[in-house]
Amino acid sequence: MTEQTDIPRDDDVLAAELVLGLASDKDVIDGRRRMSTDAAFAGQVVFWQERLTAMTDGIDPVKPPARVKKKLLAQVFPKTRVSVLQRVWLWQGVSMASLLFAGYLGVQLLEMNTRPGTQPTVLAAQLVSDTSGLQVLAVVEPVKHEIALRRISGEVIPNRVFELWAILPDQAPVSLGVLPDSETVRVLVPEALRSQAAQFTLAISDEPIGGSPTGAPTGAVLAAGSMTEL
Amino acid sequence: MDRSEIENLIARVALKDRAAFDQLYDRVSAKLFGVCLRVLNKRAAAEDAMQDTFVKIWKNADRYSANGLSPMTWLITIARNTSIDRLRARKKGHQDIDTPGFELIAPGLNPEQAVVAASEASRLSGCLDTLEEDRGKAIRGAYLDGETYADLADRFGVPLNTMRTWLRRGLIALRECMSQ
């Protein structure tokens with residue numbers, strides 16, 4: 001890689017070689033490292049990228065076949081898992097539901113359920129709404145006192161958050177916290193509430209960033225559901 | 001193509017907005033598929049490359065931010081690099097050239113540079129044509145066909161060092177022509 005050439009290669013030529021894919025493996029590794037620390041060099045790379053991408057200007061768009069989009073969406077948003085869970089919503093057959101939830105919760109619950117002599121109660125709830133489109137599945141993991149939540153559909157409104165509430169009969173809702181914007185999340189049940197988890201109604205409300213400023217839900221209730229024993 | 005519209009969609013995809021991803025696909029997939037087809041020249045391979053491209057876009061959209069790199073340049077670069085990696089994948093010891101978003105770790109171009117880059121880019125085609133014929137062909141071969149220095153040296157029947165020197169001279173001439 002150190003062959004003599006009669007023109008010294010300056011940084012700008014190296015930047016162009018990186019963009020073209022002509023740089024040696026070692027240059028690629030060094031170049032990437034440099035780009036993250038050397039803004040001027042990174043700028044040169046970006047500049048060449050902008051210039052050379054013009055080579056694609058003359059390439060005509062070609063409409064890809066519909067199956068590509070189908071395959072892509074199936075890969076990025078795996079639907080099979082969702083549809084299995086959707087079937088679980090019908091709560092048909094405790095054993096099948098437990099099995100599927102075991103898969104959903106991960107290995108721990110599966111191990112618990114298959115350990116001879118132990119059959120802990122599994123509590124689950126489906127949080128739904130007629131209007132918001134938000135659908136969340138919740139399962140209480142009895143050993144860790146965690147509620148595992150999986151969002152099946154619905155999106156957070158920009159600059160708003162979901163807040164999860166546990167509601168016991170005739171009591172004010174207790175916040176279980178603001179939910180991160182991820183498909184699955186685990187929430188610890190406060191110690192004082194653990195023995196009453198079977199009576200929970202879980203609800204998700206729409207709140208400003210940081211959560212309800214008052215300690216009680218301030219926005220619309222987007223989905224709610226009560227616990228079922230599996 | 002409306003730059004701010006694409007930028008907006010990418011920003012929403014960064015927040016994992018599925019509807020935005022769907023729209024971005026409808027908006028740019030034909031151009032990206034054209035690029036994949038141009039590089040790979042085979043429909044099945046181009047379809048796979050484009051699927052990979054969009055998976056990378058979904059995963060890395062948060063690394064793109066409006067900082068001077070045109071959104072189409074970012075998207076096309078991912079499609080082109082993904083295609084070239086596929087083309088070269090059979091070769092032993094091949095190191096992928098594609099790291100989507102990587103080029104954006106450092107602050108990108110300021111708005112003034114972005115304008116200069118865009119105007120230089122508009123002169124690329126004309127400037128490539130003013131280069132000595134073989135040099136223009138070699139640069140196009142590297143960019144659009146993923147040819148390496150070794151491939152190019154073979155094609156033009158010159159020693160590797162000569163090829164490097166040639167192409168580097170070509171790049172310098174190209175830069176001079178575009179910046180005029």
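Sequence order as written defines residue numbering, which begins from 1 separately in each chain. Both sets of labels track the order of writing: A upward for chains, 1 upward for ligands. Side-chain atom pairs in this predicted model are given and counted only at pLDDT of 80 or more, local residue features only at pLDDT of at least 70, and totals for whole chains, interfaces and linings cover all residues. Side-chain metrics rest on all non-hydrogen atoms present in the structure, leaving aside hydrogens and water.

1. Looking at the overall build of chain A
Using the following cut-off: To qualify as a helix, a DSSP run of H or I must reach at least 4 residues; to qualify as a strand, a run of E must reach at least 2; elements of each kind are numbered from the N terminus. Residue contacts are counted whenever heavy atoms from the two residues lie within 4.5 Å of one another. Residue exposure ignores everything except the shown protein chains as possible cover, and the areas themselves are Shrake-Rupley values with a 1.4 Å probe.
Check the secondary structure of chain A and you find 7 helices and 9 strands. Put simply, of all contacts in chain A between residues at least 6 apart along the chain, 58% involve residues at least 24 apart. Taken as a whole, chain A presents about 11,700 Å² of accessible surface, with 56% of it coming from carbon and sulfur.

2. Observations regarding the sheet that holds strand S7 (residues 201–208) of chain A
Residue and element names in this part refer to chain A. What counts is decided by this rule: At least two bridges found by DSSP between two strands is the condition for calling them paired. Each axis is a line fitted through C-alpha atoms, taken for helices only over the stretch in contact, and angles between the N-to-C directions span 0 to 180 degrees.
The strand order across the open sheet formed by 4 strands is S5-S4-S7-S8, and the pairing between neighbours is antiparallel. Unpaired on one side and paired on the other, strand S5 (174–179) and strand S8 (221–226) mark the two borders of the sheet. The sheet shows a mean angle of 25° between the axes of neighbouring strands, taken without regard to direction. Bridge analysis of strand S4 (residues 160–167) against S7 gives 8 bridges, and the strand direction is antiparallel. Its bridge partner lying in S7, Val161 is registered against Glu207.

3. Re the state of the cysteines
Residues and elements named next belong to chain B. Short version of the rule: Disulfides are defined as pairs of cysteine sulfur atoms found within 2.5 Å of each other.
Scanning the entire structure with this criterion turns up 1 disulfide over all chains. The disulfide partner of Cys127 is Cys177, and the gap between their sulfur atoms is 2.0 Å. Across the S-S bond linking Cys127 and Cys177, the dihedral sits near -80°, which makes this disulfide left-handed. Here Cys127, found in helix H6 (residues 124–130), pairs with Cys177, found in helix H9 (residues 160–178); they are 50 residues apart in sequence, far enough to count as distant.

4. Looking at the packing of aromatic side chains
Selection rule: Any pair of Phe, Tyr and Trp rings, taking the six-membered ring for Trp, is counted once the centres come within 6.5 Å. Such a pair is stacked with planes under 30 degrees apart, edge-to-face with planes over 60 apart, and tilted for the rest. To sort residues, take the accessible area from a 1.4 Å probe on protein chains only and compare it with the maximum for the residue type: under 20% means buried, over 50% means exposed, and anything in between is partly exposed. Only Lys NZ and Arg CZ are tested; either one counts as a charge over a ring when it is within 6 Å of the ring centre and within 35 degrees of the ring normal.
Considering all chains together, one arrives at 7 aromatic pairs over all chains under this definition. The interplanar angle of 75° and the centroid separation of 6.2 Å between the aromatic rings of Phe21(B) and Phe54(B) together place this pair among those described as edge-to-face. Separated by 33 residues along the polypeptide, Phe21(B) in helix H2 (residues 18–40) and Phe54(B) in helix H3 (residues 43–60) bring together distant segments of the chain. As far as the burial class goes, Phe21(B) and Phe54(B) line up, both buried. In textbook terms, an aromatic cluster arises when at least three aromatic residues are bridged by ring pairs, as seen for Phe77(A), Phe21(B), Tyr25(B), Phe54(B) and Trp58(B). The residue whose ring lies beneath Arg34(A) is Phe41(A), and the NZ or CZ to ring-centre distance is 4.2 Å. A cation over an aromatic ring shows up here: Arg80(B) above the ring of Tyr143(B), its NZ or CZ 4.2 Å from the ring centre.

5. Observations concerning the pattern of salt bridges
This is how the line gets drawn: A side-chain nitrogen of Lys or Arg and a carboxyl oxygen of Asp or Glu constitute a salt bridge if their distance falls within 4 Å.
One pass over the full model with this rule turns up 24 salt bridges over all chains. Linking Asp181(A) and Arg151(A) is a salt bridge whose minimum nitrogen-to-oxygen distance equals 3.0 Å. Remark: Arg151(A) occurs in strand S3 (residues 146–153) and Asp181(A) occurs in the loop between S5 and strand S6 (184–188); sequence separation between them is 30 residues. Residue classification places Asp181(A) among the partly exposed residues on the basis of a relative accessible area of 45%. With a shortest N-O distance of 2.7 Å, Glu5(B) and Arg27(B) are connected by a salt bridge. In this pair, Glu5(B) sits in helix H1 (residues 3–14) while Arg27(B) sits in helix H2, placing the two residues 22 residues apart along the sequence. You can call Glu5(B) partly exposed: its relative accessible area is 28%. Arg27(B) gets classed as partly exposed once you look at its relative accessible area, which sits at 31%.

6. Considerations on the packing of helix H4 (residues 71–88) of chain B against helix H7 (residues 133–145) of chain B
All names here are of chain B. The following threshold applies: Throughout this description, any angle smaller than 35 degrees is read as roughly parallel, any larger than 145 degrees as roughly antiparallel, any in the 65 to 115 degree range as roughly perpendicular, and the remainder as oblique.
Running from N to C, H4 and H7 cross one another at 90°; their axes reach a closest spacing of 9 Å. The pairing of H4 with H7 is recorded here as roughly perpendicular in orientation. Residue-level contacts link Arg80, Ile84 and Leu87 of H4 to Ala142, Tyr143 and Asp145 of H7.

7. Considerations on the interface of chain A and chain B
Filter applied, for reference: When two parts are put together, the accessible area they lose, computed with a 1.4 Å probe and summed over both, is reported as buried area.
Facing the 55 residues of chain A at the interface are 71 residues of chain B. If you sort the residues of chain A by the area they bury against chain B, Arg32(A), Glu50(A) and Met55(A) come out on top, with a joint share of 12%. Put simply, chain A and chain B have 8 salt bridges between them. A salt bridge links Arg67(A) to Glu47(B); the nearest nitrogen and oxygen atoms lie 2.7 Å apart. Among the elements that take part in the side of chain A that touches chain B, helix H3 (residues 39–52) of chain A stands out by supplying 10 residues, more than any other.

8. A few points about the confidence of the model for chain A
Threshold: Confidence of the prediction at every residue is given by pLDDT, a number between 0 and 100.
The share of residues in chain A with pLDDT of 70 or more is 77%, and the mean pLDDT across the chain is 78. Considering only residues more than four positions removed or in separate chains, one finds that residues 106–119 of chain A, a stretch of pLDDT under 50, has 15 contacts.

9. Brief notes about the nonpolar core
Test applied: By nonpolar core is meant a set of buried Ala, Val, Leu, Ile, Met, Phe, Trp, Tyr and Cys residues that side-chain atoms within 4.5 Å join together.
Judged by nonpolar contacts, the single largest core of 82 residues is most densely connected at Leu75(B), Met163(B), Leu167(B) and Leu174(B). The element contributing the most residues to this core is H2(B), with 11 residues. Not counting chain neighbours up to four residues away, the residues in contact with Leu167(B) comprise Leu20(A), Leu22(A), Ala138(B), Ile139(B), Tyr149(B) and Leu152(B). Formed by 27 residues, the second largest nonpolar core is a distinct cluster that contains Phe162(A), Leu168(A), Val185(A) and Leu202(A).

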